[in-house]
Structures are given as C-alpha cells and as structure tokens.
Amino acid sequence: MRGIMYDLIIIGSGPAGLSAAVYGKRAGLELLVIEQSNMSGGQVLNTYEVDNYLGMQGMNGFDMGMQFRAHADKLGVSFIEETVSKIESGEKVLAVVTENNRFETKTVIIATGAAHAKLGAAGEEELSGMGVSYCATCDGAFFKNRTVAVIGGGDVAVEDAVFLARTCKKVYLVHRRDELRAANILQEKLKELPNVEILWNHIVTKIEGKDQVEGMKLQNTKDQTETTKEIDGVFIAVGIRPNTINIEGMPERDENGYIKAGEDGKTSVKGIFAAGDVRTKRLRQIITAVADGANAVTSVQEYLLESQ
Ligand code: NAP
C-alpha cells in the first residue's frame with residue numbers, strides 16, 4: 001500500500017467513519033479507512049436496541065453496525081486494521097503513521113469516537129472483568145438470575161438497567177442525583193420494571209469482592225450515611241471520553257479532550273477534519289455521527305478543490 005497518495009484517510013470505522021467512507025467513495029475519492037478493531041461499527045456494536053435511528057426502530061445495534069459496514073464494502077472501500085500513532089502535517093501532504101506503515105494523504109478525517117469513562121471507585125480496576133463491566137449487552141448474560149448494579153443516570157445507564165432487568169433477579173440503579181438525565185421514554189420503560197430499584201442520591205465508594213464482585217459500599221450524597229449492598233456484578237455507565245490520538249500539529253481540543261470542530265468538521269489544522277463523537281458537539285448519537293461523516297466529506301471535497 002506504500003506509494004499511494006490518498007485523497008482521504010479516515011481514522012475510525014464507527015458510524016461517522018463508515019458514513020464518511022460511503023460519501024467519499026461515492027464522490028470518487030481515493031480513500032482508505034484505518035480501523036483499530038477487527039470489527040467495524042464502534043460503540044453501536046454494543047447497543048442491544050437502537051430505537052431512535054430514523055426508519056430503523058428497534059434495530060439491534062450489532063446488526064446495524066454490520067449493515068453500515070456492508071454498505072461501505074459494496075462500494076469497494078478499502079480497510080486496514082492498524083493503530084494510528086500520529087499524524088504528521090506538512091504543507092499540502094499529511095502522513096498518517098501506524099506501527100507498520102506511513103500513509104500519505106491530502107486530507108484526514110478523524111472519526112475515532114469515544115469510549116467508556118471509569119468511575120474511579122476503589123476496587124473498580126482490580127475487579128474489572130471479574131464482575132465489573134462497562135458493557136451490559138456484552139456481559140449481561142453472565143448475570144442471569146443474579147443481582148447487579150448499574151451506575152449512572154444517562155441514556156446508557158437506563159438502557160443497561162432495562163436490558164439487565166429482563167434476565168437478572170434484581171437491578172439497582174445507583175445515581176448521584178435525584179433526577180435522571182436519560183430520555184423520558186427510557187425512564188418510563190424503567191419505571192415499569194418491578195425488579196429495578198433506583199438508589200437516588202448515592203455514590204459508590206467501593207466495589208468489594210475477592211476474586212469476583214460481592215458487594216458495593218454506597219454513600220448517600222445528602223446525609224453522607226454509608227450502606228452496603230450485596231451484588232454479583234456492576235455495570236458502569238458514567239459517560240464517555242473521546243478516543244483521541246497523538247497528533248503532531250495537533251488539532252485543538254476542548255477542556256474534555258474533544259477535538260474542536262463545527263458541523264463542517266474543520267479543525268484547527270488544515271486538511272484535518274473531525275467527525276462523530278470525537279468532536280465538540282451537542283448531541284452524540286448514531287444519527288448525528290452519520291451526518292457528521294457526510295458533512296466532513298463535503299468539507300474535504302471543498303478543501304481538495306481549493307488546494308489544487
Ligand atoms: P451521559 O449522558 O454523560 O451520562 C452519564 C451519567 O453518569 C450521568 O447521569 C452522570 O450523572 C453520571 N456520572 C458521571 N460521572 C459520574 C461519577 N463519577 N459518579 C457517578 N455518576 C457519574 O453518558 P451516557 O449515558 O454514557 O451517554 C453518552 C452519550 O451517548 C449521550 O450523549 C447520550 O445521549 C448518548 N446515547 C444516546 C442513546 C439513545 O438515544 N438511545 C443511547 C446511548 C447513548 P449526572 O446526571 O449527575 O451528571
């Protein structure tokens with residue numbers, strides 16, 4: 001693959017990256033998608049049910065990811081599985097450097113998405129994979145007829161609690177405030193479930209267990225009282241952090257690490273664009289990631305015309 005001068009290299013193969021690939025290929029660009037994982041789709045692969053993507057109500061997230069990839073494959077998009085270590089920015093040529101290769105390109109779209117945030121509670125790291133999980137759809141089946149806790153109050157936490165309540169004996173939803181930030185429709189689903197107990201105004205101070213999660217220590221944020229609950233598993237859903245890479249001539253980021261870019265995907269570095277969850281934006285959803293991919297390619301095309 002050495003020697004090719006690409007018009008566009010897309011880093012990441014979640015909904016934003018795959019959408020950019022489809023739009024880029026249809027625009028006749030010489031492009032390559034570099035993906036870190038052996039499976040395209042990004043976070044959507046771990047979503048049990050996607051209910052808010054227009055026209056695909058109730059679709060399984062894994063199937064959706066597969067369909068997105070199949071669309072790119074049908075158009076003949078080239079993929080390579082490597083980890084990008086840096087992007088070098090030159091006058092008109094950029095280089096995307098991986099452990100084995102150095103790819104030259106005129107433009108780059110960074111679509112590396114975001115990943116689960118850590119809770120930071122004692123015992124979390126030690127018991128990770130031993131009852132502490134960040135993916136209910138991946139690990140939920142291990143807790144059939146058991147008692148689990150979900151930590152967080154956003155869409156992911158409530159979706160996870162609803163999902164787990166189908167098979168678990170009991171689900172505690174631990175939230176640090178007295179109001180959930182999850183969409184109302186999800187909250188309504190949650191409230192209908194008799195085996196879900198919401199522990200309002202509580203934080204987890206410790207996850208306990210020897211070789212496996214056995215319990216959690218909680219603190220009431222109102223009166224500071226401490227309690228312990230016996231549980232078999234903990235699902236942590238306290239938000240996401242951007243997956244950014246080490247970039248020379250780095251595009252500017254905001255205080256949370258998201259790449260500063262508007263709807264057009266333009267970053268502070270010429271020729272480098274950002275799309276999807278990795279960029280500063282209001283709403284991080286599949287549908288907005290897909291739109292970002294399309295918009296970023298439009299900006300790439302404009303940039304290529306201008307810099308001819
Ligand atoms: P989120 O919306 O940022 O929610 C994170 C939750 O974790 C909040 O309730 C927050 O509490 C809590 N939290 C954060 N740090 C904590 C800590 N240290 N200790 C205890 N609790 C903590 O994140 P998310 O639910 O992972 O969702 C991420 C993005 O994906 C969002 O934009 C979401 O809308 C989107 N998403 C959408 C859908 C859908 O529409 N179907 C599905 C999944 C994800 P506070 O509320 O007190 O801040």
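Model, not experiment: these values are computed from the prediction. (Residues numbered from 1 in each chain as written. Predicted model: local features only at pLDDT ≥ 70, side-chain atom pairs only at ≥ 80, totals over all residues. Heavy atoms only, no water.)

(A) Just unusual backbone geometry, in detail. The phi angle at N201 is positive, at roughly 55 degrees, despite the residue not being glycine. Here N201 lies in the loop between β11 (196-199) and β12 (202-208). Relative accessible area serves as the criterion here: at 13%, N201 is assigned to the buried category. Backbone geometry at Q224 places phi at a positive 65 degrees, although glycine is not the residue there. As for its position among the elements, Q224 is in the loop between β13 (215-220) and β14 (226-230). (Helix = DSSP H or I, 4+ residues; strand = E, 2+ residues; numbered from the N terminus. Buried < 20%, exposed > 50% of the residue type's maximum accessible area, 1.4 Å probe, protein only.)

(B) Spotlight on the site of the ligand. Of all residues adjacent to the ligand, which total 17 residues, the nearest are N52, D155, R177, R181 and Q285. One of the backbone nitrogen or oxygen atoms of V156 is found 3.0 Å away from an oxygen atom of the ligand. R177 has a polar side-chain atom sitting 2.6 Å from an oxygen atom of the ligand. Across the complex, the protein chains shield 76% of the 910 Å² of accessible surface that the ligand would expose by itself. Classifying every residue of the shell around the ligand gives 4 nonpolar, 7 polar and 6 charged. Two domains each provide a minimum of three residues to the shell around the ligand, namely domain 1 (5-116 + 240-307) and domain 2 (132-236). (Near = heavy atom within 4 Å. Polar contact = N/O pair within 3.5 Å; in protein donor to acceptor, adjacent residues only side chain to side chain. Areas by Shrake-Rupley, 256 points an atom, 1.4 Å probe, with all protein chains shown as cover. Nonpolar A, V, L, I, M, F, W, Y, C, P; charged D, E, K, R; others polar. Domains from an automatic or database assignment.)

(C) Looking closely at the sheet that holds strand β15 (residues 233-236). Reading across the sheet, the 5 strands line up as β8-β15-β9-β10-β11 and stay open at both edges, with parallel pairing between neighbours. Unpaired on one side and paired on the other, β8 (132-133) and β11 mark the two borders of the sheet. Where strand β10 (residues 170-174) lies against β11, 4 bridges are found, and the strand directions are parallel. When the sheet's bridge partners are listed, L173 is paired in β11 with I198. (Pairing = 2+ DSSP bridges.)

(D) The arrangement of the packing of aromatic side chains in detail. According to the stated counting rule, one finds 4 aromatic pairs in the structure shown. A centroid spacing of 5.5 Å and a plane angle of 80 degrees characterise the contact between F143 and F235, whose relative ring orientation is edge-to-face. In this pair, F143 is assigned in the loop between α3 (136-139) and β9 (147-151) and F235 in strand β15, connecting sequence segments 92 residues apart. Just as F143 is buried, F235 falls in that class too. A ring pair is formed by F273 and Y303, whose centres lie 6.1 Å apart and whose planes are at 75 degrees; its orientation type is edge-to-face. Taken together, the positions of F273 in strand β17 (residues 272-274) and Y303 in helix α6 (residues 286-306) put the pair 30 residues apart, joining distant regions of the chain. Neither residue differs from the other here; F273 and Y303 are each classed as buried. The ring of F79 has R69 sitting right over it, with the charged end atom 3.6 Å from the ring centre. Above the plane of the ring of Y134 lies K118, whose end atom (NZ or CZ) is 5.2 Å from the centre. (Phe/Tyr/Trp six-rings, centres within 6.5 Å; stacked < 30°, edge-to-face > 60°. Lys NZ or Arg CZ within 6 Å of the ring centre and 35° of its normal.)

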